[in-house]
Each structure stands twice: as structure tokens, then as C-alpha cells.
Amino acid sequence: MKRFYFTFGHGIDNPHRNCYHVEVAEDYIKAREQMNDKFGTDRAFQYTEEEWHISREDYQKYIEMGRCFIPWHGRFTQAEMFNLKEI
């Protein structure tokens, strides 16, 4: 079983704005189906475990754009980068 992360956007999906949810499933499609059953289709993105963790290079790009003010550490996540709360 694998972990998949789903985010809700800034303005399209109240009451879950700026939140994320984790689904555990066999594959990408099954995770999406589970998510649809729970929350419908009004959300932003789906990530694998690998995509959920931000690389040092991507982190540096956000720093250069002035979009991140959190110190780097290993296993930096999308949730930390964009201040998302888990639901």
C-alpha cells in the first residue's frame, strides 16, 4: 500500500481551503477513487509520497522567488511549504 496526498486550493474548495488529506491505497487510481468518495472532485492536486517531499533544488527556487521563509531540513513537505493543515 502507498500513501497519496491530495491538496485543496486557495479559493475553490471551502470548507477545506488550504488543507490536505492522505489516502492509503494500492495505486494512484484507487487513491483517487477513495478521495472522490469522501470529498468529491473539488480539489487541487494529487501527489505521490515522492512528489509530496520537496527537493533541495525546488526549495531553493522558492527561496529565490521570495515565497518561502522556513529553514531547510530533510523531508521538507508541500504542507510546510504552503502552510497546509491535514484533514
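Up top is the structure these notes are about.
Described below are features of the structure shown in this document.

### Some points on the overall build of the protein
Part 1 of the argument: The helix and strand tally for the protein stands at four helices and four strands.
Part 2 of the argument: Traced from its N-terminal end to its C-terminal end, the protein shows the element sequence β-β-α-β-α-α-α-β.
Part 3 of the argument: Here the protein holds 87 residues, and 33% of them are scored as buried.
Part 4 of the argument: Taking contacts inside the protein between residues at least 6 apart in sequence as the whole, the part at least 24 apart equals 49%.
Part 5 of the argument: About 5700 Å² of surface is accessible on the protein, with carbon and sulfur atoms providing 52% of the total.
Part 6 of the argument: Separation of charge centres in the protein, based on 12 positive and 15 negative side chains, amounts to 3 Å.

### Overview of a negative patch on the surface
Part 1 of the argument: The grouping of Glu26, Asp27, Glu33 and Asp37 at the surface amounts to a negative patch.
Part 2 of the argument: Considering the arrangement of structural elements, one finds Asp37 in helix 1 (residues 28–39).

### Thoughts on the pairing of strand 1 (residues 2–7)
Part 1 of the argument: Here strand 1 pairs with strand 2 (residues 19–25) via six bridges, running antiparallel. Paired with Lys2 across the two strands is Ala25, which belongs to strand 2.

### Quick word on the pattern of salt bridges
Between side chains of opposite charge, pairing is possible as soon as their charged atoms come close.
Part 1 of the argument: Going through the model one piece at a time under the given rule, you end up with four salt bridges.
Part 2 of the argument: The partner of Glu23 in a salt bridge is Lys38, with the nearest N and O atoms 2.8 Å apart. Of this pair, Glu23 sits in strand 2 while Lys38 sits in helix 1, placing them 15 residues apart in sequence.
Part 3 of the argument: Taking relative accessible area as the criterion, Glu23 reaches 3% and is therefore assigned buried.
Part 4 of the argument: Classification of Lys38 by relative accessible area gives exposed; the value is 52%.

### Some thoughts on the side chain of Gln46
Part 1 of the argument: With respect to the helices and strands, Gln46 occurs in strand 3 (residues 46–48).
Part 2 of the argument: A polar atom in the side chain of Gln46 sits 3.1 Å from the backbone oxygen of Tyr28.
Part 3 of the argument: Only 2.4 Å separates the side chain of Gln46 from the side chain of Arg32, close enough to count as a polar contact.

### Thoughts on the pairing of strand 2
Part 1 of the argument: In terms of burial, strand 2 is largely enclosed, as six of its seven residues are buried.
Part 2 of the argument: Bridge count for strand 2 against strand 4 (residues 85–86) is two bridges, and the pairing is parallel. Its bridge partner being in strand 4, Cys19 is matched across the sheet by Lys85.

### Side note on unusual backbone geometry
Part 1 of the argument: Positive phi outside glycine occurs at Asn18, with the angle close to 60°.
Part 2 of the argument: Considering the arrangement of structural elements, one finds Asn18 in the loop between strand 1 and strand 2.
Part 3 of the argument: The class for Asn18 is partly exposed, based on a relative accessible area of 26%.
Part 4 of the argument: Despite not being glycine, Arg75 shows a phi value in the positive range, around 65°.
Part 5 of the argument: Residue position: Arg75 is located in the loop between helix 3 (56–64) and helix 4 (78–82).
Part 6 of the argument: The exposure class assigned to Arg75 is exposed, which follows from its relative accessible area of 58%.

Conventions we followed
- Residues numbered from 1 in each chain as written.
- Predicted model: local features only at pLDDT ≥ 70, side-chain atom pairs only at ≥ 80, totals over all residues.
- Heavy atoms only, no water.
- Helix = DSSP H or I, 4+ residues; strand = E, 2+ residues; numbered from the N terminus.
- Buried < 20%, exposed > 50% of the residue type's maximum accessible area, 1.4 Å probe, protein only.
- Contact = heavy atoms within 4.5 Å.
- Areas by Shrake-Rupley, 256 points an atom, 1.4 Å probe, with all protein chains shown as cover.
- Lys, Arg positive; Asp, Glu negative; His and termini not counted.
- Charge placed at Lys NZ, Arg CZ, Asp CG, Glu CD.
- Patch = residues over 30% accessible without salt bridge, like charges linked within 9 Å, V, L, I, M, F, W, Y side chains within 5 Å.
- Salt bridge = Lys/Arg side-chain N within 4 Å of Asp/Glu carboxyl O.
- Pairing = 2+ DSSP bridges.
- Polar contact = N/O pair within 3.5 Å; in protein donor to acceptor, adjacent residues only side chain to side chain.

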